[in-house]
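A closer look at the structure
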Amino acid sequence: MPEPPIEAWVLCASWPQSLAIQGKLNDLLDPQELDGRTRTFDPKNGFGANGPVVMFRNGSVIRFRTTQQSGLDLAGATIDVALFDEP
């Protein structure tokens with residue numbers, strides 16, 4: 001794993017699945033490590049309905065994407081880690 005700051009993507013099959021994963025992550029996060037710009041987790045909108053992201057004080061980010069987005073929506077980014085919830 002590269003040194004921080006990193007950009008990680010969590011790719012889920014659907015928005016409801018993404019919300020479930022965001023909720024599980026929220027339970028594991030230490031609020032002291034979060035950047036003040038990270039939105040409070042909401043069960044309906046996760047970490048933001050449009051482009052949910054968790055930002056950390058060290059500059060790292062975790063973005064949530066769904067595989068229902070078009071390939072162009074996912075293309076072109078330079079990321080350090082990609083995690084797929086479902087193959």
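In this report, we go over the structure that sits alongside the text. (Residues numbered from 1 in each chain as written. Predicted model: local features only at pLDDT ≥ 70, side-chain atom pairs only at ≥ 80, totals over all residues. Heavy atoms only, no water.)

Structural notes on the sheet that holds strand E1 (residues 7-12)
The strand order across the open sheet built from 4 strands is E2-E3-E1-E4, with neighbouring strands paired in mixed fashion. The sheet is open, and its two borders are formed by strand E2 (53-55) and strand E4 (81-84), each paired with just one other strand. With direction set aside, neighbouring strand axes in the sheet form an average angle of 15°. Docked against the sheet, helix H1 (residues 15-28) engages E1, E2 and strand E3 (61-66), running at close to 155° with respect to E3. (Pairing = 2+ DSSP bridges. Helix = DSSP H or I, 4+ residues; strand = E, 2+ residues; numbered from the N terminus. Axes fitted to C-alpha atoms, helices over the stretch in contact; angles between N-to-C directions. Contact = heavy atoms within 4.5 Å.)

Digging into the layout of surface pockets
Looking at the largest pocket, its volume works out to about 160 Å³. Together, Ala-8, Val-10, Ile-21, Leu-25, Ile-62, Phe-64, Val-81, Leu-83, Phe-84 and Asp-85 line the largest pocket. Elements represented by at least two residues in the lining of the largest pocket include exactly E1, H1, E3 and E4. Among the elements that take part in the lining of the largest pocket, E4 stands out by supplying 3 residues, more than any other. Looking at the lining of the largest pocket, its residues break down into 9 nonpolar, no polar and 1 charged. (1 Å grid on protein atoms, 1.4 Å probe; cavity = no way out; pocket = protein on both sides within 12 Å on 5 of 7 lines; lining within 4 Å. Points joined across faces, edges and corners; volume = space filled by probe spheres on them. Nonpolar A, V, L, I, M, F, W, Y, C, P; charged D, E, K, R; others polar.)

Re the pattern of salt bridges
Using the criterion set out here, one finds 2 salt bridges in the structure. Glu-7 serves as the salt-bridge partner of Arg-63, at 2.7 Å between the closest nitrogen and oxygen. You can see Arg-63 sitting in strand E3 and its partner Glu-7 sitting in strand E1, a full 56 residues away along the chain. Owing to a relative accessible area of 25%, Arg-63 belongs among the partly exposed residues under this scheme. Exposure remark for Glu-7: the relative accessible area of 19% places this residue in the buried category. One salt bridge connects Asp-35 with Arg-37, and the closest N-O pair in it is separated by 3.0 Å. (Salt bridge = Lys/Arg side-chain N within 4 Å of Asp/Glu carboxyl O. Buried < 20%, exposed > 50% of the residue type's maximum accessible area, 1.4 Å probe, protein only.)

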